[in-house]
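Notes for the structure review
Below are the chains, spelled out letter by letter.
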Amino acid sequence: MNRKRRLGTGQQRKCVSPEKKELYIRKLSDMVNCRTVYTVDGKYRAEFDRFYQVLEDNFPLLCAKAEKLTFGSGCFVYILRGRNAKRNILLMSHHDVVDGSDRWQTDPFRAEVRGEFLWGRGTIDTKTPLFAELQAAEELLEEGYDFPGVNLFIGSSNNEETSGDGMVLAAEYFRENGIRFDIVLDEGGAILGGQVPGVSAKSAMVAVHEKSRHLYRCTADADTSGHQGFCMAAPSPVVRMSRFVAEVDGAKIYKARFYPETEATFSAHVPYMAFPMKLLFGHMRLFSPIIKGVMAKIPPAAAMLKTGISFQSVQARKGSDPAARADHAESYMMLRCVREEDLYEGLEKIRAIGKKHGVEIVEEQRDFCHPTDFTAAPFRRLETLLNENFPDVIVAPFLLTAGTDARRLTDVAVNILRFAPIDLDAGQFASIHGEDERIRIENVGECVRFYKDYIKMEAEQ
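Below: a short report on this structure. (Residues numbered from 1 in each chain as written. Predicted model: local features only at pLDDT ≥ 70, side-chain atom pairs only at ≥ 80, totals over all residues. Heavy atoms only, no water.)

Concerning the pattern of salt bridges
When the charged atoms of two side chains with opposite charge come close together, those side chains can pair. Summed over the entire model, instances satisfying the criterion amount to 35 salt bridges. Residues Arg83 and Asp146 are paired through a salt bridge, measuring 2.5 Å at the closest nitrogen-oxygen approach. Of this pair, Arg83 sits in the loop between strand 2 (75-80) and strand 3 (87-92) while Asp146 sits in the loop between helix 4 (127-142) and strand 6 (150-156); the two residues are 63 residues apart in sequence, bridging distant segments of the chain. Judged by relative accessible area, Arg83 falls into the partly exposed class, the value being 43%. In this structure, Arg366 and Glu340 form a salt bridge, with 2.7 Å as the shortest nitrogen-oxygen distance. Highlighted residues: Arg366 in strand 14 (residues 360-367) and Glu340 in helix 12 (residues 340-356), separated in sequence by 26 residues. On the basis of relative accessible area, Arg366 is assigned to the partly exposed category, the value being 46%. For Glu340, a relative accessible area of 11% gives the class buried. (Salt bridge = Lys/Arg side-chain N within 4 Å of Asp/Glu carboxyl O. Helix = DSSP H or I, 4+ residues; strand = E, 2+ residues; numbered from the N terminus. Buried < 20%, exposed > 50% of the residue type's maximum accessible area, 1.4 Å probe, protein only.)

Structural data, given as structure tokens:
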């Protein structure tokens, strides 16, 4: 059972000098000023090339000493070989960003200091974490650190935001060359407030799992065995597909349940709750019907409880005669699950509905990532480090309902953790993929310090 830790008592967050702070903001600004928006046609190719030159200029020791691998059109992995290395660890943060808009208060691709914040696209998602990982390695090299016991990999995709092939190709390379990682640390979690009702303190939310993506192609075809005029009495492919989609959507195929990751999120926060929340979440199994009922009404919370089903619009195909009815209909069905066994159990029910309406269902894509054991040593070490570096926050595992590049590494990694030490208020959180994205200047130094400590902690195990 988790015990309440006295947050922040007698301990302050570690700070950096004003000189280092100024250096960090200059380097990060150089990275933010590059409009690294990925498009299939390579519209901003010159901006990516400029970004890669910025890395060469700002991290000269790392670029000189590390082996560099490149995949696809710009995904890169730096490798620093450690002394007597027996383990591999991989730090990740993508460098592509979503585009800006004219609704910003500043130019999204011109970093600007305003008060205690640095404004610009990517300051949160995720150029600050990438900068901090690279800067941490650069400073350790400057200090003569030789990374005892580990090979340090730092990877960054150029098309994560579009679910591109960068880290997919890197993962293929790792598999083909027998490279496995003890730990992968990617983005996905952060330091946030208001994550659990009744808790006022901020939480370092470390994702230990993320929901998968299983894509199915559903098709219905006309019966062409007889004369077209006689076949008109049978329901058309469009009608049958529409009935199938409607029945699946209303059938409540997947039931809500508490997965271990979600239970652990609440358990970690129970000591910091006030009555009656403490009573409710302290006895989750007893009060699970009430809690599930409340969570079901909040879409982000509901997504943690069950496999989700979503359909694209029904598409039809017909010949040249505009009066003829379509002879083919199709739709793509996306299932996002926490555990595959749940998905496949429900899929049998969906297939039965499909058979009833003459709809064939074929899997097009399976994108599943195995959960990481949050009771094991890698998570516990990270928890200890977070308690030291951020003594004023609660540390909790959680289930990520969005997606990260880390899921690509599931076959070559023992433990995948998703957390970047960016400390966000509600306004900053809302700016991710929105307007006025900004990072607190003090937090940039905290990020560098965290990654330096993390690398050394893992190297010296």
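So, the packing of helix 1 (residues 18-32) against helix 15 (residues 441-459)
It is at 10 Å that the axes of helix 1 and helix 15 come closest, and there the two elements cross at 95°. Our classification of the angle between helix 1 and helix 15 gives roughly perpendicular. Contact residues: Lys21, Tyr24, Ile25 and Leu28 in helix 1; Ile441, Glu442, Val444, Gly445 and Val448 in helix 15. A breakdown of the residues in the contact of helix 1 with helix 15 according to their chemical character gives six nonpolar, one polar and two charged. (Axes fitted to C-alpha atoms, helices over the stretch in contact; angles between N-to-C directions. Parallel < 35°, antiparallel > 145°, perpendicular 65-115°, else oblique. Contact = heavy atoms within 4.5 Å. Nonpolar A, V, L, I, M, F, W, Y, C, P; charged D, E, K, R; others polar.)

Brief notes about the sheet that holds strand 17 (residues 438-440)
Taking strand neighbours across the sheet as the criterion, the three strands line up as 4-5-17 in an open arrangement whose pairing is antiparallel. Each edge of the sheet is formed by a strand with only one pairing partner; in this case those strands are strand 4 (112-114) and strand 17. Taking the axes of each pair of neighbouring strands and ignoring which way they run, one obtains an average angle of 30° across the sheet. Inspection of the sheet shows strand 5 (residues 117-119) paired to strand 17 by three bridges, in the antiparallel sense. Bridge pairing in strand 17 places Trp119 opposite Arg438. Across the sheet, helix 15 is in contact with strand 4, strand 5 and strand 17; its angle to strand 17 comes to roughly 75°. (Pairing = 2+ DSSP bridges.)

Digging into the packing of helix 13 (residues 377-389) against helix 15
Direction vectors running N to C along helix 13 and helix 15 enclose 140°, while the axes themselves pass 11 Å from each other. With respect to their mutual orientation, helix 13 and helix 15 come out oblique. In this structure, the crossing between helix 13 and helix 15 has a hand that is right-handed. In this structure, helix 13 contributes Arg381, Leu382, Leu385, Leu386 and Asn389 to the contact, and helix 15 contributes Arg449, Phe450, Asp453, Tyr454, Met457 and Glu458. (Left-handed = near helix turned anticlockwise from the far one by under 90°.)

Some words on the packing of aromatic side chains
Counted by the stated rule, this structure contains 17 aromatic pairs. Look at Phe59 and Phe131: their rings are 6.2 Å apart centre to centre, the planes differ by 45°, and that puts the pair in the tilted class. Highlighted residues: Phe59 in the loop between helix 2 (45-58) and helix 3 (60-65) and Phe131 in helix 4, separated in sequence by 72 residues. A centroid spacing of 5.0 Å and a plane angle of 80° characterise the contact between Phe174 and Phe181, whose relative ring orientation is edge-to-face. On the basis of relative accessibility, which here comes to 0%, the residue Phe181 falls in the buried class. Here the aromatic cluster, defined as three or more aromatic residues joined through ring pairs, consists of Phe48, Phe51, Tyr52, Phe76 and Tyr78. (Phe/Tyr/Trp six-rings, centres within 6.5 Å; stacked < 30°, edge-to-face > 60°.)

Here's the deal with the side chain of Ser331
Within the element layout of this structure, Ser331 appears in strand 13 (residues 328-336). For Ser331, the residues in contact, after removing those within four places along its chain, are Tyr216, Arg217, Cys218, Met241, Phe311, Gln312, Ser313 and Val314.

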